[in-house]
Amino acid sequence: MSTTPIGAGDLSATGPLVGVLALQGAFAAHQQRLASLGVDAAAVRTPIDLERVDALILPGGESTTMSMLLATSGLFDPLKGRLADGMPVFGTCAGMILCATEVFDARADQRGFDLIDITVRRNGYGRQLDSFETDLDVAGLDEDFHAVFIRAPLVERVGAGVEILACHEDVPVLVRDGRVTVASFHPELTDDTRLHEMFITSL
Amino acid sequence: MSAHTTGTFPVKRGLAEMMKGGVIMDVVTADQAKIAEDAGAVAVMALERVPADIRRDGGVARMSDPVMIEDIQGAVSIPVMAKARIGHFVEAQILQALGVDFVDESEVLTPADETHHIDKFAFDVPFVCGATNLGEALRRISEGAAMIRSKGEAGTGNVVEAVRHLRSIVGDMKRITQADPAELFEWAKRLQAPLPLVQEIATTGELPVPLFCAGGLATPADAALAMQLGAQAVFVGSGIFKSDDPAPRAKAIVEATTHFRDADILAKVSRGLGAPMTGIGMDELDVHYADRGW
């Protein structure tokens, strides 16, 4: 039995350390889903936190808020560098917006990571009254995945080479390009851990 | 449940989850709403007067004019909340028709019903309600609230009541996790709250919906204090736009709410913000808004 405290950065014993961007939003829910898979995920709020992690989840929340906090925390540039170097990332909702190459209805000063060639429209499904839940047929999963969409981004274009893993009413809602997976819904809001498991086992 | 269902409880609660770690700011004009969004607010509360002015003016405080709410909806891309009077379900119906993202059934407005709160399950729009203690929080949740905010004392710039209410709610939740199953019946009776919700807290240690803090927060340190005491996000009402220089204060409170355990960052963002709102002591108050609601 090692005497190293859990989460103290001894990656050799525990495999890749997964981080969750914890500036704002549903980061704790992602950590809970990962914990139920036995994965102790680190909250990332500063560049020092970022240095420790090998993969990152970008949670849902307000993308305008996260964008501002990425700048003030000094995380934006080092994170952009790590992502450009191929760090695996799973972005949900606001996280999808941060990863997209093109965003409509964003604030003019909102910056992203240009990681996956898709066009998304912020709040493209409408206001909260248009938020919804539905069952999705996801490639690679035997049974449907129950998905919660909250003021979700609408995927309006998917570039060549981007894999579509799930659609809702013919609109892609879960897409992947290599190490970048993004969802317009919130797998962290249900007890179903299969998408988190898919991300973890890909590391 | 397979096709495409709106207005469900998970969908309502989901928006509250997305606001965690954030700051919801009271705004009275589209310009203020833009300042709030620029500063990183996760949502704005659209109202005609901030609580400090409602307190000063006296009289009956009601739902805001729809024109003013629509102006603010048109000015920002973040969620827009608005207040209905306690028990005034028609004001809530109007707010839902306007497409607001969250309704605050708020003690800051003059109550319309001294016995009944709104049946919030009857709506597709999510509701937030105030609470001074755990029993009140659980009664609001049993009526369908998707978010609870500790009440504090709005419009005072004084954090003392917010601290009292948060400590009461969080403290009782901690005690319930230590109780044995037989004691939970007594807890439910004492709190005047549904037993299943008390049993859920005993298992999870948390409220069934997100717990935010409101009422009297005026500084970045106040926001971080609320977060360290167990709030999952904060509302700042009069504290921003009644201060000398709202924009930098708003941004500093957003940063403090994210980095609430990092005293170096809190020290950095607290510098040079100008004068906060003056604030008032609890013994100077004629009306305690927190006493409204049952």
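Residues numbered from 1 in each chain as written. Chains lettered and ligands numbered in written order. Predicted model: local features only at pLDDT ≥ 70, side-chain atom pairs only at ≥ 80, totals over all residues. Heavy atoms only, no water.

1. Some thoughts on the overall build of chain B
Each helix and strand counted, chain B has 13 helices and nine strands in total. Its C-alpha radius of gyration of 18 Å places chain B within 12% of the 19 Å reference for a compact globule of 294 residues. On the principal axes, the C-alpha backbone points of chain B span a range of 55 × 45 × 45 Å. Relative to its full complement of 294 residues, chain B shows a buried share of 61%. The long-range fraction of contacts in chain B, counting pairs at least 24 apart against all pairs at least 6 apart in sequence, stands at 67%. When the accessible surface of chain B is summed, it comes to about 11,000 Å², and 51% of that surface belongs to carbon and sulfur atoms. A distance of 3 Å separates the average location of the 28 positive side-chain charges in chain B from that of its 40 negative side-chain charges. (Helix = DSSP H or I, 4+ residues; strand = E, 2+ residues; numbered from the N terminus. Rg over C-alpha atoms; globule rule 2.2 N^0.38 Å. Buried < 20%, exposed > 50% of the residue type's maximum accessible area, 1.4 Å probe, protein only. Contact = heavy atoms within 4.5 Å. Areas by Shrake-Rupley, 256 points an atom, 1.4 Å probe, with all protein chains shown as cover. Lys, Arg positive; Asp, Glu negative; His and termini not counted. Charge placed at Lys NZ, Arg CZ, Asp CG, Glu CD.)

2. A look at the sheet that holds strand S7 (residues 132-136) of chain A
Whether parallel or antiparallel, the strands of a sheet pair through hydrogen bonds between backbone atoms. Taken together, the three strands give an open sheet; going across it, the order is S8(A)-S7(A)-S1(B), and neighbouring strands pair in antiparallel fashion. Of all strands in the sheet, those bounded by a partner on one side alone are strand S8 (145-149) of chain A together with strand S1 (5-6) of chain B. Both S7(A) and S1(B) contribute to a ladder of two bridges, which runs antiparallel. Its bridge partner lying in S1(B), A:Glu133 is registered against B:Thr5. In the packing of helix H1 (residues 9-18) of chain B onto the sheet, the strands contacted are S7 and S8 of chain A together with S1 of chain B, and the crossing angle to S7(A) comes to about 110°. (Pairing = 2+ DSSP bridges. Axes fitted to C-alpha atoms, helices over the stretch in contact; angles between N-to-C directions.)

3. As for the interface of chain B and chain A
Between chain B and chain A, the residue contacts involve 43 residues of the former and 37 residues of the latter. Ranking the residues of chain B by area buried against chain A places B:His4, B:Val11 and B:Met18 at the top, with a combined share of 20%. Along the contact surface separating chain B from chain A lie three salt bridges. When the shortest N-O distance is used, the salt bridge between B:Asp38 and A:Arg107 registers 2.7 Å. Along the contact surface separating chain B from chain A lie 19 residue pairs in polar contact (both at pLDDT 80 or more). Of all elements in the fold, only S1, H1, helix H2 (30-38) and helix H12 (246-258) of chain B reach the threshold of two or more residues within the side of chain B that touches chain A. In terms of residue count, H1(B) provides more of the side of chain B that touches chain A than any other element does, seven residues in total. (Buried area = accessible area lost by both parts, 1.4 Å probe. Salt bridge = Lys/Arg side-chain N within 4 Å of Asp/Glu carboxyl O. Polar contact = N/O pair within 3.5 Å; in protein donor to acceptor, adjacent residues only side chain to side chain.)

4. Digging into empty space enclosed by the protein
Using the criterion set out here, one finds three cavities of 30 Å³ or more in the structure. Of the pockets and cavities examined, the largest cavity occupies roughly 210 Å³. If you trace the largest cavity, you find 25 residues lining it, with B:Asp26, B:Ala154, B:Ala214, B:Gly215 and B:Gly237 closest to the centre. The set of elements that each furnish at least two residues to the lining of the largest cavity consists of strand S2 (23-27), strand S5 (102-106), strand S9 (234-236) and helix H11 (238-241) of chain B. When grouped by side-chain class, the residues that make up the lining of the largest cavity number ten nonpolar, nine polar and six charged. Empty space within the second largest cavity amounts to approximately 110 Å³. For the second largest cavity, the lining is made up of 13 residues, of which A:Gly61, A:Glu62, A:Cys93, A:Asn123 and A:Arg151 are closest to its centre. Every element with two or more residues in the lining of the second largest cavity is listed here: helix H6 (94-99) of chain A together with H1 of chain B. (1 Å grid on protein atoms, 1.4 Å probe; cavity = no way out; pocket = protein on both sides within 12 Å on 5 of 7 lines; lining within 4 Å. Points joined across faces, edges and corners; volume = space filled by probe spheres on them. Nonpolar A, V, L, I, M, F, W, Y, C, P; charged D, E, K, R; others polar.)

5. A closer look at the layout of surface pockets
Taken as a whole, the largest pocket encloses approximately 1,100 Å³ of empty space. Looking at the largest pocket, it is lined by 44 residues, and the ones nearest its centre are A:Ala28, A:Gln32, B:Lys20, B:Glu206 and B:Gln232. When residues of the lining of the largest pocket are traced back to their parent elements, those giving at least two are helix H2 (27-36) and S8 of chain A together with H1, helix H7 (160-178), helix H9 (195-204), helix H10 (220-228) and H12 of chain B. Considering each element in turn, the lining of the largest pocket owes the most residues, six residues, to H2(A).

6. Side note on the nonpolar core
Among the nonpolar cores identified, the biggest contains 142 residues, and A:Phe185, B:Leu138 and B:Leu207 are the most heavily contacted of them. Here this core takes seven residues from H7(B), the largest share from any one element. If you look at the next biggest cluster of nonpolar residues, it comprises 23 residues, including A:Ala26, B:Met18, B:Ile24 and B:Phe235. (Core = buried A, V, L, I, M, F, W, Y, C linked by side-chain atoms within 4.5 Å.)

7. Some words on the sheet that holds strand S6 (residues 116-121) of chain A
Residue and element names in this part refer to chain A. Judged by pairing direction, the sheet is mixed, and its three strands sit side by side in the order S5-S6-S9 without closing on themselves. A single partner strand is all that each edge strand has here, and the edge strands are strand S5 (100-104) and strand S9 (154-158). Taking the axes of each pair of neighbouring strands and ignoring which way they run, one obtains an average angle of 25° across the sheet. Pairing of S6 with S9, which is carried by four bridges, proceeds in the antiparallel orientation. Counterpart to Arg121 in the pairing with S9 is Leu154.

8. With respect to the confidence of the model for chain A
Regions with low pLDDT carry predicted coordinates that are not meant to be interpreted in detail. Within chain A, residue pLDDT values average 93, and 93% of them lie at 70 or more. Taken together, the stretch residues 1-13 of chain A has pLDDT below 50 and engages in ten contacts with residues farther than four places along the chain or on a different chain. (pLDDT = per-residue confidence, 0-100.)

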